[in-house]
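Notes for the structure review
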Amino acid sequence: MVVLSLVLGLSEQDDFANIPDLQNPGTQQNQNAQGDKRLPAGGKAVNTTPVPSQTPHDESDRRTEPRSSVSDLVNSLTSEMLMLSPGSEEDEAHEGCSRENLGRIQFSVGYNFQESTLTVKIMKAQELPAKDFSGTSDPFVKIYLLPDKKHKLETKVKRKNLNPHWNETFLFEGFPYEKVVQRVLYLQVLDYDRFSRNDPIGEVSIPLNKVDLTQMQTFWKDLKPCSDGSGSRGELLLSLCYNPSANSIIVNIIKARNLKAMDIGGTSDPYVKVWLMYKDKRVEKKKTVTMKRNLNPIFNESFAFDVPTEKLRETTIVITVMDKDRLSRNDVIGKIYLSWKSGPGEVKHWKDMIARPRQPVAQWHQLKA
């Protein structure tokens, strides 16, 4: 068996932003590696085997043949969205009220008493939400034994995959059993972002004193919203209007409610950015005015974007609610990705827009991290 390990070092402070605050965060740098990883309880891990870098496997883009007419393409898009959108129409109507489906993860855990080693195997995840413009995610998993935040291990990144398979094993060495049962196994699934902070997808925690560690136990657990308050960023009401003859989409930013306070004074100065994306590339940006010190702003601003019918399949509209800051970088309050392959609520809105051309279709959306 090839044994791999991680060298402890510096880590970005953002790594700990979404972990339950049980003690002061520490620092560490991790290497993505294939195979088993070891991490001693009380000292530095030594890299025992050189590992060649791994080239991520990107899925090829799905190609579609052009339709003979605008109406045929609109009908095709509508029927495809009906098939892709999960749940019944009644379920979708109440989607905003129900808990967001963040997917689930399979893992196993066990303890070797002779070697005083805890083994954690990350197996796979299913039905992860899309976090990227392309309607997919690049997921990986961080593993902690809380309350210790200093020492973490992580899987490799699975590119463009909402149902990733990792099958990676991690060894926490030098842990007496009486200390292991005082720890909480904490798994955090994130979407890797090359150019900005990684987006949290969901988390799972399990107290080890509630697990029979005498043999490997396998679990399926639903992911829950990460405990950074990302589930309470507020909501945005907006409408979409598609005009196939004019090849345009009109986005009307109507109002927001219960926005997350980003400033020291317990309020925010929100404005909204609207990006038109085509095949992961930014095409055009527009934005609203800034509403000073307002967590329930009313915007009522409309923006028109040219979108040829044949490009609808690869088009995404990204809505970002920002907090304006005069003295430092503006903060992101939350985002919405609208396309035919986003989350259930977003797909429903996109589908309704296509099915009802030339009519403004309004819907509330939960802001996401």
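Residues numbered from 1 in each chain as written. Predicted model: local features only at pLDDT ≥ 70, side-chain atom pairs only at ≥ 80, totals over all residues. Heavy atoms only, no water.

The name given to the protein in an unreviewed UniProt entry is Synaptotagmin-7, with the source organism recorded as Myotis brandtii. Among the UniProt annotations of the protein, the heading Sequence similarities (unreviewed entry) holds the following wording: "Belongs to the synaptotagmin family." As recorded by UniProt, the Subunit (unreviewed entry) comment attached to the protein reads in full: "Homodimer. Can also form heterodimers with SYT6, SYT9 and SYT10. Interacts with calmodulin (CALM1, CALM2 or CALM3). Interacts with CD63; required for localization to lysosomes. Interacts with APP." (UniProt positions renumbered as here; feature names shortened; annotations may be inferred.)

1. Some words on the overall build of the protein
Along its length, the protein carries four helices and 18 strands. Per-residue burial over the protein gives 47% buried out of 369 residues. A separation of at least 24 residues holds for 68% of the contacts in the protein among residues at least 6 apart in sequence. (Helix = DSSP H or I, 4+ residues; strand = E, 2+ residues; numbered from the N terminus. Buried < 20%, exposed > 50% of the residue type's maximum accessible area, 1.4 Å probe, protein only. Contact = heavy atoms within 4.5 Å.)

2. Description of the packing of aromatic side chains
Counted according to the given criterion, the structure contains six aromatic pairs. With 4.9 Å between their ring centres and 85 degrees between their planes, Tyr 111 and Phe 113 make a pair best called edge-to-face. On the accessibility criterion, Phe 113 (44% relative accessible area) is partly exposed. Ring centres 5.5 Å apart and planes at 55 degrees place the aromatic pair Tyr 111 and Tyr 177 in the tilted group. (Phe/Tyr/Trp six-rings, centres within 6.5 Å; stacked < 30°, edge-to-face > 60°.)

3. Some points on unusual backbone geometry
The peptide bond linking Leu 146 to Pro 147 adopts the cis configuration, its omega dihedral lying at 15 degrees. Looking at where Pro 147 falls in the secondary structure, it is placed in the loop between β5 (139–146) and β6 (148–154). If you check the backbone angles, Asn 258 has positive phi at about 55 degrees while not being a glycine. Structurally, Asn 258 is set in the loop between β12 (248–257) and β13 (270–278).

4. Thoughts on a positive patch on the surface
A cluster of basic residues, Arg 282, Lys 285, Lys 287, Lys 292, Arg 293, Lys 324 and Arg 326, forms a positive patch at the surface. Relative to the helices and strands, Arg 282 resides in strand β14 (residues 281–287). In this structure Arg 282 comes out as exposed when scored by relative accessible area, which is 54%. (Patch = residues over 30% accessible without salt bridge, like charges linked within 9 Å, V, L, I, M, F, W, Y side chains within 5 Å. Areas by Shrake-Rupley, 256 points an atom, 1.4 Å probe, with all protein chains shown as cover. Salt bridge = Lys/Arg side-chain N within 4 Å of Asp/Glu carboxyl O. Lys, Arg positive; Asp, Glu negative; His and termini not counted. Charge placed at Lys NZ, Arg CZ, Asp CG, Glu CD.)

5. Some thoughts on helix α4 (residues 344–355)
Spanning 12 residues, α4 covers 16 Å between terminal C-alpha atoms, matching the ideal 16 Å at 1.5 Å per step. For α4, the buried fraction is high: 10 of the 12 residues fall into the buried class. By the burial criterion, the buried members of α4 are Gly 345, Glu 346, Val 347, Lys 348, His 349, Trp 350, Lys 351, Asp 352, Met 353 and Ile 354. (Expected span 1.5 Å × (residues − 1).)

6. Let's talk about the sheet that holds strand β15 (residues 298–306)
As summarised here, the arrangement of the four strands in space is β15-β12-β11-β18, forming an open sheet in which the pairing is antiparallel. A strand with exactly one partner marks an edge of an open sheet, and here the two such strands are β15 and β18 (361–366). Each adjacent strand pair in this sheet contributes to an overall mean axis angle of 25 degrees, direction not counted. Across six bridges, the pairing between strand β11 (residues 235–243) and β18 is antiparallel. Within the sheet, the bridge partner assigned to Leu 240 lies in β18 and is Val 361. The strands that α4 touches are β11, β12 and β18; relative to β18, the one it contacts most, it runs at about 170 degrees. (Pairing = 2+ DSSP bridges. Axes fitted to C-alpha atoms, helices over the stretch in contact; angles between N-to-C directions.)

7. A short note on the sheet that holds strand β16 (residues 315–323)
Spatially, the four strands line up as an open sheet ordered β14-β13-β16-β17, and their pairing is antiparallel. With partners counted over all chains shown, the strands left at the sheet margins are β14 and β17 (331–338), one partner each. Adjacent strand axes in the sheet meet at a mean angle of 20 degrees when their direction is disregarded. In this sheet, β17 lies alongside β16 in antiparallel orientation, the contact comprising seven bridges. From the neighbouring strand, Asp 323 faces β17, where its bridge partner is Asp 331. Contacting β16 and β17, α4 runs over the sheet at an angle of about 55 degrees to β17.

8. Overview of the pattern of salt bridges
Scanning all chains against the criterion turns up six salt bridges. Close ionic contact of Lys 156 with Glu 168 constitutes a salt bridge, the shortest N to O distance being 3.4 Å. Residue Lys 156 is found in the loop between β6 and β7 (165–173), and its partner Glu 168 is found in strand β7; the two are separated by 12 residues along the sequence. As far as burial versus exposure is concerned, Lys 156 and Glu 168 are alike and both buried. When the shortest N-O distance is used, the salt bridge between Glu 284 and Lys 286 registers 3.5 Å. With a relative accessible area of 30%, Glu 284 lands in the partly exposed category. Residue classification places Lys 286 among the partly exposed residues on the basis of a relative accessible area of 24%.

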